[in-house]
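Spelled out, the chains give:
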Amino acid sequence: MDLNLKDKYALVTGGSHGIGRAIALELANEKCNVAVCARNEDRLERVVEEIKNKGVEGIGIVADVTYKTDIEKIINKIIDSWKTLDILVNNIGGGGSWGTETYEEFDEWETVYEKNAGASRKLTMSFLPYMKKQNWGRVITIASIYGKEAGGRPWFNMANAAEISLMKNLAGKYEGITFNTICPGHIDVGKPIPDNPTIVGKPEEVSGIVAFLCSDKAKHINGACITVDGGESKSF
C-alpha cells in the first residue's frame, strides 16, 4: 500500500531504539525523510545510518527533552534543515517502572510528567505553526494503556492521561492537521519487563499503525486513542 508519504519530513522523538526506532524505519520505508532525537549518541548514529540506507534524509539530534535548551535545539535543527515539519511523533516517555508501591515517598512526579506530557506539549506547540501554514500535518503521541486505566504507577498514568487529553482537545481545530494517540500495552524493546506479562507485542506492531495514521488514507481519523495491546487492557 502506497501511503503517499514520499518527501514528507518527520521527527520521531526517542527514536534510537524500541518503538521509536521501528517508527522511524517504517516512515523511511515510505520514503519519508526522518529526524530522530535521543540521549544515546551511539544508538542514534546507528539508526540515522539505517534511515539513510533507505534512500532518504536522516538527521540525528542528541537531546534530553527534560531540558528546555535541548527542546530548543531540536526545534532549531529541524527548521534550519527543512524549514518545516509535516509529521511529529511524540514517542519519548518513561517512568512507568520508576519508584515503588510506596507512592507517597516518590518525589519525581514532575520529572515523569515533563518527560512525557511536557515534552509532547512543547514540541507540538512549537511545530504547529508550520503545519498550520501548509494546511497539513500529523501529530501522533505514543502513550500507554495506563493512560486509560489503573494498573501502572500513578505518576506515569497521570502523565499519559494528559497526553491523550492533549491530542483529543487539539483534534478538529486545525484544517488538514490530525492529532491521535496510540496506547501500546507491554512491548518487547529489549529490556526486562516487570511482572512477566503473558501478552507482549513487538515494536513493528505499533509502527505500522503510525505510518497509516500519517497518510491521507487516515485523514478522517482525528482525536482517536488507539489501543495496541493484544487484548491486555481491561478498559473499553
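Residues numbered from 1 in each chain as written. Predicted model: local features only at pLDDT ≥ 70, side-chain atom pairs only at ≥ 80, totals over all residues. Heavy atoms only, no water.

Concerning the overall build of the chain
Of regular secondary structure, the chain possesses 6 helices and 7 strands. Listed N to C, the secondary structure of the chain is β-α-β-α-β-α-β-α-β-α-β-α-β in terms of helices and strands. Against the compact-globule benchmark of 18 Å for 236 residues, the chain has a radius of gyration of 17 Å, which places it among compact chains. Considered along the principal axes of its C-alpha atoms, the chain spans approximately 50 × 35 × 30 Å. When the 236 residues of the chain are sorted by exposure, 50% land in the buried category. In the chain, once contacts between residues fewer than 6 apart in sequence are set aside, the share between residues at least 24 apart is 70%. When the accessible surface of the chain is totalled, it reaches about 11400 Å², and 48% of it is carbon and sulfur. (Helix = DSSP H or I, 4+ residues; strand = E, 2+ residues; numbered from the N terminus. Rg over C-alpha atoms; globule rule 2.2 N^0.38 Å. Buried < 20%, exposed > 50% of the residue type's maximum accessible area, 1.4 Å probe, protein only. Contact = heavy atoms within 4.5 Å. Areas by Shrake-Rupley, 256 points an atom, 1.4 Å probe, with all protein chains shown as cover.)

Some words on the nonpolar core
With 33 residues, the main nonpolar core has Leu27, Val36, Ile51 and Val210 as its most contacted residues. Among the elements of the structure, strand S1 (9-13), helix H1 (18-29), strand S2 (33-38), helix H2 (41-52), strand S4 (87-90), strand S5 (137-142) and helix H6 (204-214) are those that each provide at least two residues to this core. When residues in this core are grouped by element, the largest group, 6 residues, is from H1. With sequence-adjacent residues up to four places away left out, Val36 is seen in contact with Leu11, Val12, Gly15, Ala24, Leu44, Val47, Val48, Ile51, Ile59, Gly60 and Ile61. Of all hydrophobic cores here, the second largest spans 26 residues; its members include Leu11, Val65, Ile78 and Ala119. (Core = buried A, V, L, I, M, F, W, Y, C linked by side-chain atoms within 4.5 Å.)

Remarks on the side chain of Thr141
Considering the arrangement of structural elements, one finds Thr141 in strand S5. The exposure class of Thr141 is buried, given its relative accessible area of 0%. Within the local environment of Thr141, its side chain forms a polar contact with the side chain of Asn90, the two groups lying 3.2 Å apart. Filtering out sequence-adjacent residues up to four positions away, Thr141 remains in contact with Asn90, Ser120, Glu163, Met167, Asn180, Thr181 and Ile182. (Polar contact = N/O pair within 3.5 Å; in protein donor to acceptor, adjacent residues only side chain to side chain.)

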